[in-house]
Amino acid sequence: MRGCGAPWRNSSAGWLEGHRPSHLGYSNPQRLRLLWVKLLQTYAVNPPARTSYTAPVATPFTSVTSALPPTFTSPEFRAALGMFATGVTIVTARSPDGGLIGLTANSFNSVSMNPPLVLWSLARSAGSMPALSTGSHYAINILAADQKTLAERFAMKGTERWSGVEFIEGAGGAPLLRGAAATFECFNRSRYEEGDHVIFVGEVERCTHRTEASPLLFHGGKFYTEHAL
Ligand SMILES: Cc1cc2nc3c(=O)[nH]c(=O)nc-3n(C[C@H](O)[C@H](O)[C@H](O)COP(=O)(O)O)c2cc1C
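Here is a short report on the structure shown in this document. (Residues numbered from 1 in each chain as written. Predicted model: local features only at pLDDT ≥ 70, side-chain atom pairs only at ≥ 80, totals over all residues.)

What about the nonpolar core?
In terms of nonpolar packing, the biggest core is built from 29 residues, with Ile90, Val91, Tyr138, Ala139, Ile140, Leu143 and Cys186 touching the most fellow members. Listed by contribution, the elements that provide at least two residues to this core are β2 (89-94), β3 (100-105), β5 (117-123), β6 (137-142), β8 (175-177), β9 (182-194) and β10 (197-209). Setting aside chain neighbours within four positions, we find cysteine 186 in contact with Val118, His137, Tyr138, Ala139, Ile140, Gly202, Glu203, Val204 and Glu205. (Core = buried A, V, L, I, M, F, W, Y, C linked by C-beta atoms within 7 Å. Buried ≥ 20, exposed ≤ 12 C-beta atoms within 10 Å, placed from the backbone. Helix = DSSP H or I, 4+ residues; strand = E, 2+ residues; numbered from the N terminus. Contact = placed C-beta atoms within 7 Å.)

Comments concerning the environment of methionine 113
Relative to the assigned elements, methionine 113 resides in the loop between β4 (109-112) and β5. Taking C-alpha positions, methionine 113 is 9.8 Å from valine 204, a pair spaced 91 residues apart along the chain.

A closer look at the site of the ligand
As a structural note, the neighbourhood of the ligand is formed by 17 residues, with Ala105, Ser107, Ala126, Gly127 and Ser128 the closest of them. If you tally residues by element for the shell around the ligand, the top one is β5, at four residues. The class makeup of the residues in the shell around the ligand is 10 nonpolar, six polar and one charged. (Near = placed C-beta within 6 Å. Nonpolar A, V, L, I, M, F, W, Y, C, P; charged D, E, K, R; others polar.)

Structural notes on the sheet that holds β6
Strand order in the open sheet formed by seven strands is β3-β2-β6-β9-β10-β5-β4, with antiparallel pairing between adjacent strands. Every other strand in the sheet has two partners, leaving β3 and β4 as the edge strands with one partner each. Across this sheet, the average inter-strand angle for adjacent strands is 35 degrees, counted without regard to direction. Note: β2 against β3, six bridges, orientation antiparallel. Following the sheet pairing, threonine 89 is matched in β3 by alanine 105. (Pairing = 2+ DSSP bridges. Axes fitted to C-alpha atoms, helices over the stretch in contact; angles between N-to-C directions.)

Points about unusual backbone geometry
Across the junction of asparagine 114 and proline 115, the peptide omega takes the value 5 degrees, indicating a cis bond. Mapped onto the secondary structure, proline 115 falls in the loop between β4 and β5.

Points about the sheet that holds strand β12 (residues 222-225)
Across the sheet, three strands lie side by side as β1-β11-β12; this open sheet has antiparallel pairing. Strand pairing shows two members of the sheet lacking a second neighbour, β1 (86-87) and β12, which therefore form its edges. As paired elements, β1 and strand β11 (residues 216-219) share two bridges and run antiparallel to each other. Paired with threonine 86 across the two strands is phenylalanine 218, which belongs to β11.

Notes on the pairing of β12
Two elements, β11 and β12, share four bridges in a ladder whose sense is antiparallel. Each residue of the ladder has a partner; that of leucine 217, found in β12, is tyrosine 224. Turn length for the β11-β12 hairpin, with the two strands adjacent in sequence and antiparallel, is two residues, and the turn residue glycine 220 shows positive phi of about 60 degrees.

Some points on the pairing of β5
Relative to β5, β4 runs antiparallel, the two sharing three bridges. When the sheet's bridge partners are listed, serine 110 is paired in β5 with valine 118. Taking the residues between adjacent antiparallel strands as the criterion, β4 and β5 are bridged by four residues. Where β5 and β10 come together, seven bridges link them in antiparallel fashion. When the bridges of β10 are listed, leucine 119 appears paired with valine 201.

See below:
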């Protein structure tokens, strides 16, 4: 069969001549054509898997060891944070001499279901830091909407915060505020110093809630009550 057919086929076969193993019969151009057709048919039915896309080499994150300086002012940061609406709590405890400790905090959040963990953060400069960082227990009282005045009072310095406040004793003596929407009695599990605050992680020993209570809300420096959408 050598030499028959169109010249380009012959020349094509000639080009292949030195590159194919003769024991497979590839020296016969017609046979070679049939093999090509078979090969194309096979791939038409079973195309080879597409090779996955390889992204261009990315920024080497691992070599970045510190943040860039902020591109915003403190008021801008505060205003942006203020867009995150939160509930409001009063964190309570007893000082070593049995005194009542309490301050308004909205940095509260849940951490873990098992074990039951919550967190909140306290300014390093807070007057209640010595008692809260060394005591074994504290309570987090989630305020109801009608406790706005308590939220304001427990955020102010130089006031008699506990005057007329009704409470019962919780774990470790931490006061549980009457009328709170929920309470979490916490073992003072761990603390993490970060920037100008200390993050407290509490292990919840007991909790209560009032299903009918409407929680007090806070954002952008103002208090709100909830409205269902
Ligand atoms: C709505 C609201 C939320 C607050 N959240 C926190 C907070 O999460 N952490 C904190 O350290 N201070 C917070 N503060 C400020 C403290 O309540 C305030 O500085 C208080 O005087 C601290 O009391 P102390 O110095 O007796 O510890 C908050 C104040 C308000 C009004």
